[in-house]
Amino acid sequence: VRTLRAKGMAVKLIANGVAVQLLIGKEEFLSCNSAAELLTAYQPPDVLVTSMCSGGGVGRDLVPLLLGRTTIFALQGAWWGEHWKSWFDPYYRPHYLCVNDRLGQEIMKSAWPEFPEERILITGYPALDRYANFDVAAASTEVCQRLGLSAKQPAVLFAGQPLVGTGDALSEVIQCLNKIGQPVYLIPRHHPRTAVDAPQEIPQLEAPLATFRAGSIVADSSACDLPLLIAHAQVSISMNSSIHVDAAALRRPNIAVLYPEVGMKIFRDATGGNMNEFPLVEMGCSAKANNRAELQQLLER
C-alpha cells in the first residue's frame, strides 16, 4: 500500500476483524465487513490485492464478485495457512498467488493442483525485511528497561494461539519450568483473536498461571511488541504460530510444543492432513517437543 501510494496510485486499504484495531493510527483505511456493500459504494478496482486470512474475510468474498473485471492477487501468509480451509473452494480462486519461497510454492501446488504453476509467484517474505538490521542486544536492553526486568534472569516467552489446546500447551510449559526450578520471567502473550475464535480457552490459559512457582510472571508486556520480546527471551514457545518464523529470522531459540494428540493434531487438522511436519521443524529452525520429557529437556538446554 505504501509503495503504490508513493508512486501516485489511488489505493483503498480495506480492513475487517482484528486488522481494524491493528491499523488505527498507522494507515489510512476503510473498515468494512461486507464485500457487497463495498462494491455498492465504490467502483470495481483495476487490481485487488488480498491477504488469505482466517475465515476468508472481505478480501476473499470480493474475489467472485470481481472476476472478469479486476486482476486479483492473493498473498499466502503462513505455509500452513487458509488455502486448505476458508480459501480451499475453487469459487474463490484469484488470478495470481504470491508466496514467500519455494516451499510455499510447492505447498500451493499440492493444495491447489489445478492452479497454473506459472501464476504462483515467489516474491520473498517482505514481513521479515524489518529484521535485516535488527539489533538483538539493543532490543533486549530495551525490554528490560520498559518492563523492569533484570538482565541476569532468563525470560521465557509463551505465545498463545486462538485455538483450543493452547491452554494445555501453556500448562505443560509451566509444569516443566516448575520441575526445573531455575527462576525465570514467564511472559505469556495471548493472541488478540482468542476471545472471538476460542473464548472457551481463556480460563484454560489463566488456570495454569496460578500454579507457576519458578520465578515471576510478567502479566503485562504490552509496552513491548513481539519482535522485542522474542529478541530478549532465552526461548520463545508456542504450538505452531508465526512466532516461530520471527524467532528463526532473528536466530533465536524457539520450541514448537507439538504433542501428537494435541498440537500436532491441531496442525494436521488445520492443513487437512496434508502436512506431516511443521515446516520450521523440518527446516531446522525450531525445536519440537513431542512430549513432556522432551519439552523439559529442551527447556533445560
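Structure: above.
Everything quoted here is computed from the prediction, not taken from an experiment. (Residues numbered from 1 in each chain as written. Predicted model: local features only at pLDDT ≥ 70, side-chain atom pairs only at ≥ 80, totals over all residues. Heavy atoms only, no water.)

### Thoughts on helix 12 (residues 263-270)
Thought 1: Listing the buried residues of helix 12 in full gives Gly263, Met264, Ile266, Phe267 and Ala270. Burial along helix 12 is one-sided: seen end-on, the buried residues are contained in an arc of 160°.
Thought 2: Elements in contact with the buried residues of helix 12: strand 11 (254-257), helix 13 (279-282) and strand 12 (287-289).
Thought 3: Just beyond helix 12, the residue with positive phi is Gly272, at close to 65°. (Buried < 20%, exposed > 50% of the residue type's maximum accessible area, 1.4 Å probe, protein only. Helix = DSSP H or I, 4+ residues; strand = E, 2+ residues; numbered from the N terminus. Arc of directions from axis to C-beta. Contact = heavy atoms within 4.5 Å.)

### A word on the pairing of strand 5 (residues 96-99)
Thought 1: Bridge count between strand 4 (residues 71-75) and strand 5: 3 bridges; the pairing is parallel. Within the sheet, the bridge partner assigned to Leu75 lies in strand 5 and is Cys98.
Thought 2: Where strand 5 and strand 6 (residues 120-122) come together, 3 bridges link them in parallel fashion. Following the sheet pairing, Cys98 is matched in strand 6 by Leu121.
Thought 3: Since strand 5 and strand 6 lie parallel, the crossover through helix 5 (residues 102-111) that links them has a hand, and here it is right-handed. (Pairing = 2+ DSSP bridges. Right-handed = clockwise from strand over helix to strand, strands pointing away.)

### Some words on helix 14 (residues 292-300)
Thought 1: Within the sequence span of helix 14, burial applies to Leu295, Gln296, Leu298 and Leu299. Here the buried residues of helix 14 occupy an arc of 165° about the axis, which is enough to place them on one side.
Thought 2: Buried-residue contacts for helix 14 involve helix 7 (166-180), strand 10 (235-238), strand 11 and strand 12.
Thought 3: Structurally, the start of helix 14 carries an N-cap: the backbone nitrogen of Ala293 is 3.2 Å from a side-chain oxygen of Asn291. (Polar contact = N/O pair within 3.5 Å; in protein donor to acceptor, adjacent residues only side chain to side chain.)

### Quick notes on the sheet that holds strand 10
Thought 1: Pairing is parallel in the open sheet, where 6 strands are placed in the order 9-8-7-10-11-12. The two strands at the open ends of the sheet, each matched to only one other strand, are strand 9 (215-217) and strand 12. Shown here is a sheet whose adjacent strand axes are inclined to one another by a mean of 25°, direction ignored.
Thought 2: Sheet topology places strand 11 next to strand 12; 3 bridges connect them, and they run parallel. Note on strand 12: the bridge partner recorded for Val257 is Ala289.
Thought 3: Helix 7 rests against strand 7 (155-159), strand 8 (184-189), strand 10 and strand 11 of the sheet, and its axis sits at about 165° to strand 7.
Thought 4: Contacting strand 10, strand 11 and strand 12, helix 14 runs over the sheet at an angle of about 145° to strand 12. (Axes fitted to C-alpha atoms, helices over the stretch in contact; angles between N-to-C directions.)

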